[in-house]
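Structure at a glance
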Amino acid sequence: MVWTRTISIRSVGLRQSIFLPVQRRCRSTPSDASSSSSPFAWYVKKLDSHPHLTKGITSGIISGAGDLICQFLANDDDDWDYLRAGRFFLMGSFFCAPISHVWYNALSIRLLPGARTLKKVGQRLLVDQFGFAPIFLPSFMAVLWTMEGRSNIPQQLVEVTPDLMVANWSLWIPAMT
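So, how was this worked out
Residues numbered from 1 in each chain as written. Predicted model: local features only at pLDDT ≥ 70, side-chain atom pairs only at ≥ 80, totals over all residues. Heavy atoms only, no water. Salt bridge = Lys/Arg side-chain N within 4 Å of Asp/Glu carboxyl O. Helix = DSSP H or I, 4+ residues; strand = E, 2+ residues; numbered from the N terminus. Buried < 20%, exposed > 50% of the residue type's maximum accessible area, 1.4 Å probe, protein only. Axes fitted to C-alpha atoms, helices over the stretch in contact; angles between N-to-C directions. Parallel < 35°, antiparallel > 145°, perpendicular 65-115°, else oblique. Left-handed = near helix turned anticlockwise from the far one by under 90°. Contact = heavy atoms within 4.5 Å. Expected span 1.5 Å × (residues − 1). Core = buried A, V, L, I, M, F, W, Y, C linked by side-chain atoms within 4.5 Å. Patch = residues over 30% accessible without salt bridge, like charges linked within 9 Å, V, L, I, M, F, W, Y side chains within 5 Å. Areas by Shrake-Rupley, 256 points an atom, 1.4 Å probe, with all protein chains shown as cover. Lys, Arg positive; Asp, Glu negative; His and termini not counted. Charge placed at Lys NZ, Arg CZ, Asp CG, Glu CD. Nonpolar A, V, L, I, M, F, W, Y, C, P; charged D, E, K, R; others polar.

**Let's talk about the pattern of salt bridges**
Within this structure, the stated rule accounts for two salt bridges. The closest approach of N and O atoms between R84 and D67, which form a salt bridge, is 2.7 Å. You can see R84 sitting in helix α4 (residues 82-111) and its partner D67 sitting in helix α3 (residues 51-74), a full 17 residues away along the chain. Assessed through its relative accessible area of 27%, R84 is described here as partly exposed. The exposure class of D67 is buried, given its relative accessible area of 6%. Across the pair R150 and E148 runs a salt bridge whose closest N-O atoms are separated by 2.9 Å.

**Some thoughts on the packing of α4 against helix α5 (residues 118-148)**
It is at 11 Å that the axes of α4 and α5 come closest, and there the two elements cross at 160°. It follows that α4 is roughly antiparallel to α5 by the angle criterion. Along this stretch, α4 crosses α5, giving a crossing that reads as right-handed. Facing α4, whose interface residues are R87, F88, L90, M91, F95, C96, I99, W103, Y104, L107 and S108, α5 presents R124, V127, D128, F132, F136, S139, F140, V143, L144, M147 and E148.

**Topic: α3**
Taking 1.5 Å per residue, 24 residues should reach 34 Å; α3 reaches 34 Å between its end C-alpha atoms and fits that length. Of the positions making up α3, those classed as buried are T54, K55, G56, T58, S59, G60, S63, G64, D67 and Q71.

**Notes on the nonpolar core**
Membership of the largest hydrophobic core comes to 19 residues, with the highest contact counts inside it found for F95, F136, F140 and L157. Of the residues forming this core, the biggest block, nine residues, is contributed by α5. F95 has contacts with L90, F136, S139, F140 and V143, leaving out every residue within four places of it along the chain.

**So, a negative patch on the surface**
A contiguous patch of negative charge, built from D76, D77, D78, D79 and D81, is present on the exposed surface. Checked against the element boundaries, D81 lands in the loop between α3 and α4. For D81, a relative accessible area of 33% translates into the label partly exposed.

**Things to note about unusual backbone geometry**
Note: most peptide bonds trans; most residues except glycine with negative phi. A positive phi is found at N152, a non-glycine position, where the angle reads about 55°. Counting through the fold element by element, N152 comes out in the loop between α5 and α6 (153-176).

**Looking at the packing of α3 against α4**
Where α3 contacts α4, the axes come no closer than 7 Å and their chain directions differ by 145°. For the crossing formed where α3 meets α4, the hand is right-handed. Here the residues of the contact of α3 with α4 sort into 10 nonpolar, 10 polar and three charged.

**Side note on the side chain of N168**
As for its placement among the helices and strands, N168 is situated in helix α6. In this structure N168 touches Q129, A133, L137 and I173, once residues within four positions along its chain are discounted.

**Some remarks on a nonpolar patch on the surface**
On the surface, L53, I57, I61, F89, L90, F94, V143 and M147 cluster together into a nonpolar patch covering about 730 Å² of accessible area. Those elements that place two or more of their residues in the nonpolar patch are α3, α4 and α5. Relative to the helices and strands, L53 is located in helix α3.

Here it is in structure tokens:
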């Protein structure tokens, strides 16, 4: 989700402060990134020209690779579940990326527009974590479990969601502040 937060920051007019150090090193701007050999400049150009596709591919790769890393760290044997990693790739590409793109743009542009002050960051954090996350996380789990072929998903969501939310808040509230 880091890339969606970068986009939402960029979309509220803080692009220069975010990308200025990179522009000085590359001596280019995101608009002329095709002439630059910097992979970062190329990526920024793709985010500008094809935001949905770029975020979808990026999110899918990060999600799939993240699952493979988890499998590597959690398993002592060489029993890889590539189907599971594929499900995470699909979830990242077609569920997380589009929803996050729309949500974080709406949060930064329509719901709480303005400069990135400490107060504004706190407001966005509260709306994100207590408004969006309680809807998004159970939805994510429901879609994932459906792809896995599980049954009785509503009951499982009732059981898992409170712990899921506490774990989410324990990670993301400190990380976002």
